[in-house]
Amino acid sequence: MISGSSIVQSLLSGLLEGGNYALYSLGLAFVFGILRIINLAHGEVVVLGGYVAYWTLVRYGVGPVLSMPLAAAAGGALGWLTYRLFLRRVREAPELNTLILTFGVGIFLTNLFLQLWTGDLRSIEVDWLQRPLTLGPIRASVGELAAFGFSVAAVLGLQAFLHRTRAGKAIRVTAIDRDSAALAGIDVERVDRGAFAIGGLLAGIAGPVLGILANVSPGVGGPLTVKAFILTVLAGVGSISGLIAAGMILGVGEALTVTFFSSSYRELFGFTLFLGILLARPSGLFGRRI
Amino acid sequence: MRWPGSGLRVTEGTAAALFFGALALLPLALSFNPYYLSILVAALVLGSVAVSWNVLAGLCGQVSFGHAGFFGLGAYASAILAMRAGWSPWLAMAGAGVAGVAVSLLIGLPSFKLRGPYFALAILGFAEVLKLLALNLDSLTGGSQGIFGVPPPTALRLGGLTADFEASRTANYYLAGLLLLLVWGAAVLLRRSRAGVAMATVHADEEAAAGIGVPVLRTKATALAVSAFFTALLGAFYAHYVHYLDPDSAFDGAWSIMPIVAALFGGMSTLVGPAVGALVITGLDEFLFKRLFESGHQLFFGLLLAAVIVWAPSGLLGGRVRRPTT
Amino acid sequence: MIARKTWRLVLAAGLAAAWTQAGAAPAIKLGAHAPETGSLAKHGQEQVKGIRVAAEEFSKRTGIAVDLKVYDDESQPQKAVAAVEKLAGIEKVAGIVGGYGSNLVGPASEAAERYDTPYMTTGAVDTKLSARHFKNFFRLNYMPGYAAAQANTIRELFQAKKVAILFNSQSATTEIAEAVKGQLAAGGVQVPVFEKFEKGTTNYKPLLLKARDAGCEVLLVEGYFPDYVGTIKDAKILALPVKAYVGAWGIGTPEFIRELGPMSEFVYGTSIWEMGTAPKAARAEEARFVEAYRARFKEDPSYIAMLGYLSAEYMLDAIAKGGGAAARTRDLLRAMDAVTPIGRVAFDEKGDPRHFTAVLFQTRAGKQVVVYPRDRAGGEAKYPAVPWSTR
Amino acid sequence: MRGLSKDYGKLRVVSSLTFDVREGELLGVIGPNGAGKTTLFALLGGTIAPTEGEIRFRGQAVERLRPDHRCHLGIARTFQVVRPFAELTVRENVRAAALFGKPEVPPPGEIRAAVEEVLALTGLAPVAASPARALSLPQRKRLEVARALATRPRLLLLDEVLAGLNPRAVEEAIPLIRSLHADRGITVLVIEHNLRAIMGLSQRVLVLNFGERIYDGAPQGAVEDPEVIRAYLGGPARA
């Protein structure tokens with residue numbers, strides 16, 4: 001028999017997990033919304049961020065909170081480089097080309113990680129982050145709550161950046177109408193490169209969180225990308241703030257599927273939801289706003 | 001891409017004749033070495049799936065990211081028909097193709113209103129669902145334990161010659177080659193047919209196609225059904241060839257991704273290009289990259305992929321082979 | 001990395017020079033295939049490392065050169081078949097070792113049977129594999145041995161009444177879960193929670209809560225490394241009131257302790273071998289292997305490496321003694337009966353290990369302490385374990 | 001056509017439009033930018049569905065039919081922004097239209113003859129073997145017309161086929177349109193910006209502004225109608 005407190009606990013775990021999903025997806029959703037590029041190397045960039053945080057902790061004893069900017073910088077640099085080297089040359093080509101291109105970059109990165117750091121699993125262990133907090137029978141760890149808060153902050157921060165800053169506005173204008181933006185004196189090429197780098201940066205900051213709450217290894221990038229894409233579609237392309245809600249729907253749905261049915265159906269739930277939304281409401285749950 | 005000294009341009013028929021001719025003679029050159037033949041079988045299976053995929057993408061302009069779904073479905077359908085229902089493996093393979101058509105229509109009809117990457121990823125979603133079903137319908141599929149001992153196609157006798165598909169790599173090689181020829185031939189006939197013309201117009205511009213009376217939905221459904229039929233057929237061949245099936249290998253995402261890579265690499269604007277691409281990438285991976293790095297050799301492969309997209313987007317044959325005009 | 005590679009090359013060249021001087025006997029060709037790339041890369045690489053150490057040690061010991069041919073099967077069944085075609089067909093190796101995962105070992109061993117080449121695996125536990133009655137198929141570990149170690153410990157040592165089993169949907173973990181469930185049920189132990197989860201699950205809390213609500217005393221997680229990390233982290237957050245946490249394989253390894261730190265304490269796991277768990281008669285051999293492995297790779301060997309090592313050693317011994325003909329090698333392997341670091345090894349007519357039992361251990365202060373079977377035990381089980389909150 | 005409306009979100013682009021076209025008529029549709037002309041064609045052609053209202057063609061309600069079915073009934077259109085099948089040759093473009101324009105498939109010989117006839121009529125015969133992407137803009141406009149014609153329409157919707165052409169090309173195109181109408185008895189609806197051309201061409205004009213009909217009658221009357229003048233000169237808009 002499932003107790004009431006278990007249902008609440010399960011619900012909470014799904015909500016928190018959903019927050020992480022949003023953070024893991026942010027970079028992909030942003031790049032897709034702005035540049036219309038589905039970055040299939042997204043998950044690998046997250047993994048890179050995770051490795052950066054892991055190694056700075058293991059080698060230099062620097063905690064994940066402090067190493068986060070470093071992870072972000074690594075992701076951003078990788079994004080910038082990918083754009084500089086490859087993407088700018090296929091900007092005008094059909095969508096399929098950028099898809100395959102970024103897929104190739106993803107394969108390259110996965111195998112590079114394997115060469116550099118072996119296939120071992122890495123998990124970022126910091127005492128204070130693992131500490132559980134309790135509210136009656138309901139429990140969560142400091143790390144989970146912090147990650148959730150961070151995820152929401154990242155989403156709101158990105159939103160504020162896009163709406164409040166000059167650079168953000170330029171990015172939005174370019175996304176809505178490239179030609180007019182170019183006529184208005186915006187260097188669209190630079191905007192593209194910048195936006196892709198920001199996508200990398202957003203992926204990079206998700207890495208340490210992945211390392212803390214789950215684990216980092218070369219192969220986990222691919223599944224992360226798929227999850228990020230599912231979330232992007234659920235939220236609706238261009239809806240950044242919708243990611244949090246979409247993540248929660250997915251996270252809670254998965255958790256409750258396990259609680260009330262069986263964990264065999266957890267993934268089935270995710271894909272059914274994905275297909276249902278895609279077929280019934282291709283613009284996603286939360287419209288199309290940028 | 002401009003090829004250096006690309007004065008030479010051949011028709012697709014010529015390219016295909018050269019290609020299939022070389023395939024027929026290749027075993028002689030390799031003195032029927034089973035190892036090379038088994039690598040080639042893998043390449044031919046990939047090539048056939050790539051050509052099938054390209055019927056949908058190259059002819060009709062609809063890119064799918066989920067052909068692993070049809071491949072795995074075909075593999076399971078054939079294995080189950082042969083082992084549970086006692087069909088001959090040959091008949092079971094045909095049955096698998098039909099199952100592929102049925103499921104493709106079920107999947108396709110709601111998905112066709114989606115465009116571009118949405119369509120591609122919807123098919124991916126369906127492929128994942130099929131994989132999860134294979135994993136969870138234990139009583140039918142054996143769940144994650146998979147199915148052992150899928151029988152090889154029954155031996156064929158032609159005069160004094162016997163093709164034993166259980167033991168002989170050569171027999172399997174020629175069977176895989178014939179399947180590729182079949183898929184390619186069907187694709188050529190399809191392109192020449194009235195439905196092929198419809199696909200070309202849908203590929204170019206859906207709205208304009210509808211404007212001149214092309215039934216867009218039916219055209220897409222035809223392309224998907226043909227593509228799924230052959231992909232499932234190849235999945236069935238694979239099942240009878242490796243004699244073992246489990247959800248992870250039959251629905252492996254590689255069956256979705258690698259055909260796309262092969263098609264892009266070989267050239268999507270031709271029908272034989274994807275097959276050539278499959279042979280080249282399999283060869284590079286097996287005989288070059290693997291030698292350079294024992295583990296993680298797919299690193300080169302990722303780079304190569306990116307390089308092809310950026311610097312040779314029309315593929316190996318794209319710039320060289322003329323598309324036939326009707 | 002590069003430096004290590006160069007170093008390896010120099011070492012290999014040095015060894016090769018030493019062999020040529022010694023080299024009277026012709027070299028033995030040994031084949032190995034394993035997934036060195038892809039999702040199983042980690043296991044495949046460890047397996048190959050163990051095999052390499054075996055080849056080098058064998059040469060040092062006997063003076064017979066070993067020509068080791070390694071093939072990356074990329075975790076693809078088609079490539080596993082190609083591996084055997086290449087190793088047995090082209091390289092004409094006298095025996096093949098390796099293979100990881102039943103979906104690869106299945107087709108690969110079938111090809112080896114066709115080539116009449118002895119094939120010994122350490123990475124496929126599915127009972128159906130040996131049901132094919134191949135002449136050339138051998139393996140060092142299989143399912144019943146693992147399941148028995150878990151079920152017997154739970155019944156005899158813990159005397160638990162209610163057990164929760166969570167298992168990864170993959171083939172080997174599903175099979176062990178079902179086997180343990182069967183053995184527990186036969187012994188009158190209830191299994192109210194029996195749940196399959198997908199590879200890549202990150203939120204295990206809803207599953208763990210089911211175990212809590214059902215009042216299970218023991219939590220069995222039949223999975224792989226990421227599953228242990230995930231379930232243990234979540235169990236700690238939930239302060240899951242179970243008296244024992246038992247994992248299947250790959251738990252309690254040095255990597256596990258390194259990554260989980262204090263949370264790895266008091267966790268149980270089954271293994272074929274962990275450092276220091278060899279029976280007394282095989283302690284010397286164990287030490288030799290560990291030393292050679294450390295010298296070669298600058299790290300501690302895992303049980304996968306040990307299994308790779310042993311399989312290659314047995315195969316090489318049989319080839320050397322029998323002169324390399326497949327039939328002789330097979331007969332010698334079938335006749336073998338030895339106490340080894342993983343216990344007594346002898347094969348039945350199907351190629352399954354007759355005496356195989358896994359050991360059940362508990363991690364204590366970063367070490368694995370064997371608690372079952374009693375005759376290999378190195379200490380008492382701490383049962384019930386201390387609550388998660390105080391670890 | 002009765003009470004036809006199309007909303008895009010809150011924007012009503014075509015509003016309660018009602019008019020009749022008689023068989024064999026050559027009707028011009030004019031109006032300033034954003035008047036809803038192209039939307040009207042899209043509604044007739046079936047690429048978009050009306051929010052409300054009905055469209056009857058030869059007695060049959062067609063507003064819910066798919067574009068290809070309407071084409072089969074005999075409604076063919078050109079696109080304002082040309083949409084050739086770029087990778088196909090000009091002949092293949094036209095042939096596709098001949099193959100699919102009607103539900104029944106004509107025998108190959110008939111198709112071949114029809115294709116060559118249309119190519120000759122539209123002056124595209126010399127470039128028939130080039131891929132459509134290689135054509136100049138005037139040629140592409142001709143291809144639009146050729147493709148529409150090859151479907152053997154009863155009603156032809158021509159959307160700014162003259163726009164962007166130089167005066168000489170316009171001079172050449174006008175007789176073509178006229179001959180379609182006169183020699184083949186095809187009912188023609190023409191959208192045009194070029195007022196001079198349309199005045200000379202049409203028997204009757206329909207003037208739209210903000211999705212509403214503001215004039216329907218003889219061409220001459222239109223230029224004198226105060227409301228039309230206001231709409232074009234941007235005077236105070238109605239309502």
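Report follows, based on the coordinates. (Residues numbered from 1 in each chain as written. Chains lettered and ligands numbered in written order. Predicted model: local features only at pLDDT ≥ 70, side-chain atom pairs only at ≥ 80, totals over all residues. Heavy atoms only, no water.)

### Some points on the overall build of chain A
Each helix and strand in chain A was counted, giving 12 helices and two strands. Here chain A has a C-alpha radius of gyration of 19 Å; the compact-globule value for 290 residues is 19 Å, and the two agree. The dimensions of chain A, computed from C-alpha atoms along their principal axes, are 65 × 50 × 35 Å. Counting over 290 residues, chain A shows a buried share of 62%. Restricting to contacts in chain A with at least 6 residues of sequence separation, those with at least 24 account for 76%. Element-wise, carbon and sulfur atoms account for 67% of the exposed surface of chain A, whose accessible area totals about 10,600 Å². Each charge sign in chain A was given a centre, from 21 positive and 15 negative side chains, and these centres are 6 Å apart. (Helix = DSSP H or I, 4+ residues; strand = E, 2+ residues; numbered from the N terminus. Rg over C-alpha atoms; globule rule 2.2 N^0.38 Å. Buried < 20%, exposed > 50% of the residue type's maximum accessible area, 1.4 Å probe, protein only. Contact = heavy atoms within 4.5 Å. Areas by Shrake-Rupley, 256 points an atom, 1.4 Å probe, with all protein chains shown as cover. Lys, Arg positive; Asp, Glu negative; His and termini not counted. Charge placed at Lys NZ, Arg CZ, Asp CG, Glu CD.)

### A closer look at the interface of chain C and chain B
Interface extent is often summarised as the accessible area lost during association of the parts. Each partner contributes to the interface: chain C provides 35 residues, whereas chain B provides 37 residues. For the pairing of chain C and chain B, the buried interface totals around 3,000 Å² over both sides, and the portion due to carbon and sulfur atoms is 49%. Run the count over chain C and chain B and you get four salt bridges. One salt bridge in this structure joins aspartate 248 of chain B and lysine 199 of chain C, with 3.9 Å as the shortest N-O distance. Applying the counting criterion to the chain C and chain B interface returns nine residue pairs in polar contact (both at pLDDT 80 or more). (Buried area = accessible area lost by both parts, 1.4 Å probe. Salt bridge = Lys/Arg side-chain N within 4 Å of Asp/Glu carboxyl O. Polar contact = N/O pair within 3.5 Å; in protein donor to acceptor, adjacent residues only side chain to side chain.)

### Observations concerning the sheet that holds strand β7 (residues 75-77) of chain D
Residues and elements named next belong to chain D. Sheet architecture is open: six strands sit in the order β7-β8-β9-β3-β10-β11, paired in mixed fashion. Edge positions in the open sheet fall to β7 and β11 (212-217), since each of these has one partner strand only. Adjacent strand axes in the sheet meet at a mean angle of 15 degrees when their direction is disregarded. Pairing of strand β3 (residues 26-30) with strand β10 (residues 204-209), which is carried by four bridges, proceeds in the parallel orientation. (Pairing = 2+ DSSP bridges. Axes fitted to C-alpha atoms, helices over the stretch in contact; angles between N-to-C directions.)

### Things to note about the packing of aromatic side chains
A full pass over the atoms with the stated rule returns 42 aromatic pairs over all chains. Aromatic pair tyrosine 35 of chain B and tyrosine 36 of chain B: ring centres 5.2 Å apart, planes at 45 degrees, arrangement tilted. Overall, the relative accessible area of 1% leaves tyrosine 35 of chain B in the buried class. What makes tyrosine 36 of chain B partly exposed here is its relative accessible area of 30%. Within the aromatic cluster, the residues linked to one another by ring pairs are Tyr51, Tyr54, Trp55, Phe113 and Trp117 of chain A. Above the ring of phenylalanine 100 of chain D, the side-chain terminus of arginine 194 of chain B is found at 4.2 Å from the ring centroid. Taking NZ or CZ as reference, arginine 132 of chain C lies 5.9 Å from the ring centre of phenylalanine 137 of chain C, over its face. (Phe/Tyr/Trp six-rings, centres within 6.5 Å; stacked < 30°, edge-to-face > 60°. Lys NZ or Arg CZ within 6 Å of the ring centre and 35° of its normal.)

### Quick word on the sheet that holds strand β2 (residues 66-72) of chain C
All names here are of chain C. Spatially, five strands are ordered β2-β1-β3-β4-β5 in an open sheet, and the strand pairing comes out parallel. The sheet is open, and its two borders are formed by β2 and β5 (137-139), each paired with just one other strand. Neighbour-to-neighbour, the strand axes of the sheet open up by a mean angle of 25 degrees, direction not taken into account. With seven bridges connecting them, strand β1 (residues 28-34) and β2 associate as parallel partners. Looking at β2, one finds that glycine 31 is bridged to lysine 69.

### Here we look at a nonpolar patch on the surface
Where nonpolar side chains cluster on the molecular surface, the patch consists of Leu25, Leu28, Phe32 and Tyr174 of chain B and spans about 380 Å² of accessible area. If you trace the backbone, tyrosine 174 of chain B turns up in helix α7 (residues 169-192). (Patch = residues over 30% accessible without salt bridge, like charges linked within 9 Å, V, L, I, M, F, W, Y side chains within 5 Å.)

### Topic: the pairing of strand β7 (residues 190-197) of chain C
All names here are of chain C. Taken together, the six bridges between strand β6 (residues 162-168) and β7 define a ladder with parallel strand orientation. Residue pairing across strands places leucine 166 opposite glutamate 195, the latter belonging to β7. Once you follow β6 into helix α7 (residues 171-186) and on to β7, the crossover reads as right-handed. (Right-handed = clockwise from strand over helix to strand, strands pointing away.)

### So, the packing of helix α3 (residues 67-83) of chain B against helix α10 (residues 216-242) of chain B
All names here are of chain B. Orientation of α3 relative to α10, taken along the N-to-C sense of each, is 55 degrees, at an axis distance of 7 Å. When the axis of α3 is compared with that of α10, the two are oblique. In the crossing of α3 with α10, the sense of the turn from one axis to the other is right-handed. Contact with α3, carried on its side by His67, Phe70, Phe71, Gly74, Ala75, Ser78 and Ala82, involves Leu224, Ser227, Ala228, Thr231, Ala232, Leu234, Gly235, Ala236, Tyr238, Ala239 and His240 of α10 and no other residues of that element. Classifying every residue of the contact of α3 with α10 gives 11 nonpolar, seven polar and no charged. (Parallel < 35°, antiparallel > 145°, perpendicular 65-115°, else oblique. Left-handed = near helix turned anticlockwise from the far one by under 90°. Nonpolar A, V, L, I, M, F, W, Y, C, P; charged D, E, K, R; others polar.)

### Quick notes on the pattern of salt bridges
Scanning the model with the defined rule gives 45 salt bridges over all chains in all. Across the salt bridge formed by lysine 210 of chain C and glutamate 195 of chain C, the nearest N and O atoms sit 2.6 Å from each other. Of this pair, lysine 210 of chain C sits in helix α8 (residues 205-213) while glutamate 195 of chain C sits in strand β7, placing them 15 residues apart in sequence. Take lysine 210 of chain C and glutamate 195 of chain C: they sit in the same class, and that class is buried. One network of salt bridges, with partners in common, ties together Asp120 of chain A together with Lys42, Glu46, Glu255, Arg258 and Glu259 of chain C.

### Thoughts on helix α4 (residues 102-114) of chain C
Residues and elements named next belong to chain C. Between its first and last C-alpha atoms α4 spans 18 Å; for 13 residues at 1.5 Å apiece the expected length is 18 Å, and the two agree. Extensive coverage of α4 is indicated by the burial of 12 of its 13 residues. Listed as buried for α4 are Ser102, Asn103, Leu104, Val105, Gly106, Pro107, Ala108, Ser109, Glu110, Ala111, Ala112 and Glu113. A positive phi of about 55 degrees marks aspartate 116, the residue just after α4. (Expected span 1.5 Å × (residues − 1).)

### Some words on the interface of chain A and chain C
The partner chain C presents 36 residues to the 42 residues of chain A that form the contact. When chain A packs against chain C, the two sides together hide about 3,100 Å² of surface, and 48% of this comes from carbon and sulfur. When the buried surface of chain A facing chain C is broken down by residue, Leu121, Arg139 and Ser263 of chain A rank first, second and third, together holding 17% of it. Linking chain A with chain C are four salt bridges. Residue arginine 258 of chain C is joined to aspartate 120 of chain A by a salt bridge in which the shortest nitrogen-to-oxygen separation is 3.5 Å. Remark: the boundary between chain A and chain C carries 22 residue pairs in polar contact (both at pLDDT 80 or more).

### Focus on the side chain of histidine 42 of chain A
Residue and element names in this part refer to chain A. Tracing the sequence through the fold places histidine 42 in helix α2 (residues 42-60). Judged by its relative accessible area of 1%, histidine 42 falls in the buried class. Residues in contact with histidine 42, not counting those within four places in the same chain, are Tyr24, Ser25, Gly27, Leu28, Ala203, Thr225 and Ala228.

### Quick look at helix α4 (residues 89-111) of chain B
With 23 residues, α4 of chain B ought to run about 33 Å at 1.5 Å a step, and its terminal C-alpha atoms sit 32 Å apart, in line with that. Within α4 of chain B, the full set of buried residues consists of Pro89, Ala92, Met93, Gly95, Ala96, Gly97, Gly100, Val103, Ser104, Ile107, Gly108 and Ser111 of chain B. Looking at the buried residues of α4 of chain B, the elements they touch are α12 (266-280) of chain A together with α3, α5 (117-136) and α10 of chain B.

### Points about the side chain of threonine 219 of chain B
Residue and element names in this part refer to chain B. Tracing the backbone through its elements, the reader meets threonine 219 in helix α10. A polar atom in the side chain of threonine 219 sits 2.7 Å from the backbone oxygen of proline 215. Aside from chain neighbours lying at most four places away, what touches threonine 219 is Cys60, Ala195, Ala198, Met199, Val202 and Val214.

Scope: geometric values only; no functional claims are made or implied.
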